[in-house]
Amino acid sequence: MEAIVKKRIKQVIKGDQDAYGEIVEIYKNSVYQLCFRMLGNRHEAEDMAQEAFIRAFVNIKSFNQNLKFSTWLFRIATNLCIDRMRKKKPDYYLDADVAGTEGLNMYSQIPSDTPLPEKELESLELQEAVQKEILKLPEKYRSAIVLKYIEELSLNEISEILDLPLGTVKTRIHRGREALRQQLRYV
């Protein structure tokens, strides 16, 4: 493949423009894919791929034929995409007024990251239900579950606190979790 491309490059340098068309056919999909992955927009990727081929054609005499043409072409395409991303201005500004509203700006369109009151209530109810079921667990499982999931301690810390071997702690956490899962099915 590379030998064919180098032969076509020599023909282009001698003035055969049709030979460059063959080079474009070989690389058009991979250059477009590269541009699309960088820009995320089909139209911009097409524009940048086309521009990359134009730049490569215009500067083909400066191409070092000891190197791979694809590497040189991809570098041109990459640089064009980087330049495009730098020059691209945002389509809107957060402090700009929203059309058709008085006194509202784009900041007002950003959703709040605080949960809705209904979600908070559901979460509280779930926490209460889980806590009630934890209290129903046998003490040996309850202590391991509380230390692991409520206090968020490591298995080694739990092992030290309960003065139990690590394997026993793991077993109690597993069995306690299974018992809790069974209890919560009926809630």
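Reading guide: rules and limits
- Residues numbered from 1 in each chain as written.
- Predicted model: local features only at pLDDT ≥ 70, side-chain atom pairs only at ≥ 80, totals over all residues.
- Heavy atoms only, no water.
- Salt bridge = Lys/Arg side-chain N within 4 Å of Asp/Glu carboxyl O.
- Helix = DSSP H or I, 4+ residues; strand = E, 2+ residues; numbered from the N terminus.
- Buried < 20%, exposed > 50% of the residue type's maximum accessible area, 1.4 Å probe, protein only.
- Core = buried A, V, L, I, M, F, W, Y, C linked by side-chain atoms within 4.5 Å.
- Contact = heavy atoms within 4.5 Å.
- 1 Å grid on protein atoms, 1.4 Å probe; cavity = no way out; pocket = protein on both sides within 12 Å on 5 of 7 lines; lining within 4 Å.
- Points joined across faces, edges and corners; volume = space filled by probe spheres on them.
- Nonpolar A, V, L, I, M, F, W, Y, C, P; charged D, E, K, R; others polar.
- Axes fitted to C-alpha atoms, helices over the stretch in contact; angles between N-to-C directions.
- Parallel < 35°, antiparallel > 145°, perpendicular 65-115°, else oblique.
- Left-handed = near helix turned anticlockwise from the far one by under 90°.
- Patch = residues over 30% accessible without salt bridge, like charges linked within 9 Å, V, L, I, M, F, W, Y side chains within 5 Å.
- Areas by Shrake-Rupley, 256 points an atom, 1.4 Å probe, with all protein chains shown as cover.
- Lys, Arg positive; Asp, Glu negative; His and termini not counted.
- Charge placed at Lys NZ, Arg CZ, Asp CG, Glu CD.

The next point concerns the pattern of salt bridges. Inspection of every chain in the model, using the stated rule, returns 8 salt bridges. Linking arginine 86 and aspartate 83 is a salt bridge whose minimum nitrogen-to-oxygen distance equals 3.9 Å. Note that arginine 86 and aspartate 83 are positioned in helix α4 (residues 69-87) at a spacing of 3 residues, about one turn of the helix. What makes arginine 86 exposed here is its relative accessible area of 67%. Residues glutamate 178 and arginine 181 are paired through a salt bridge, measuring 2.4 Å at the closest nitrogen-oxygen approach. Linking glutamate 178 with arginine 181, this pair stays in helix α8 (residues 166-185), spanning 3 residues, or about one helical turn.

Next up on the list: the nonpolar core. With 25 residues, the main nonpolar core has Tyr27, Val31, Cys35 and Phe69 as its most contacted residues. Taken together, the elements giving at least two residues each to this core come down to α1 (2-13), α2 (17-39), α3 (42-58) and α4. Beyond its immediate stretch of four places on either side in the chain, cysteine 35 contacts Gly40, Ala45, Met48, Ala49, Ala77 and Cys81. Judged by nonpolar contacts, the second largest core, of 6 residues, contains Ala144, Ile158, Val169 and Ile173.

This next bit is on the layout of surface pockets. Volume-wise, the largest pocket comes out at about 150 Å³. When residues of the lining of the largest pocket are traced back to their parent elements, those giving at least two are α5 (117-136), α6 (139-150) and α8. Of the residues in the lining of the largest pocket, the class split is 7 nonpolar, 2 polar and 2 charged.

With that settled, the discussion passes to the packing of α3 against α4. Running from N to C, α3 and α4 point in directions that differ by 130°, and their axes come no closer than 9 Å. One element, α3, and the other, α4, form an angle in the oblique class. In terms of crossing hand, the pair formed by α3 and α4 is right-handed. In this structure, α3 contributes Glu44, Met48, Glu51, Ala52, Phe53, Arg55 and Ala56 to the contact, and α4 contributes Phe69, Trp72, Leu73, Ile76, Ala77, Leu80, Cys81 and Arg84. Of the residues assigned to the contact of α3 with α4, the class counts are 11 nonpolar, no polar and 4 charged.

Turning to unusual backbone geometry, a few remarks are in order. At glutamate 152, a position not held by glycine, the phi torsion is positive, near 55°. If you trace the backbone, glutamate 152 turns up in the loop between α6 and α7 (155-162). In the Ramachandran plot, aspartate 163 falls in the positive-phi region, its phi being about 55° despite a non-glycine side chain. Position of aspartate 163 relative to the elements: it lies in the loop between α7 and α8.

Right, let's get into a negative patch on the surface. Taken together, the side chains of Glu118, Glu122, Glu125 and Glu128 present a region of like negative charge at the surface. Mapped onto the elements of the fold, glutamate 125 is located in helix α5.

Running from N to C, α1 and α2 point in directions that differ by 145°, and their axes come no closer than 8 Å. Considering the relative orientation of α1 and α2, their crossing is left-handed. On α2, the residues touching Glu2, Val5, Arg8, Ile9, Gln11 and Val12 of α1 are Ala19, Tyr20, Glu22, Ile23, Ile26 and Tyr27. Of the residues contributing to the contact of α1 with α2, the split by class is 8 nonpolar, 1 polar and 3 charged.

Turning next to the environment of phenylalanine 63. Inspection of the secondary structure assignment puts phenylalanine 63 in the loop between α3 and α4. Relative accessible area serves as the criterion here: at 6%, phenylalanine 63 is assigned to the buried category. For the pair formed by phenylalanine 63 and leucine 73, sequence separation is 10 residues and the distance between their alpha carbons is 9.6 Å. Here phenylalanine 63 is in contact with Ile9, Lys68, Phe69 and Trp72, once residues within four sequence places are set aside.

Nothing here speaks to function; it is all geometry.
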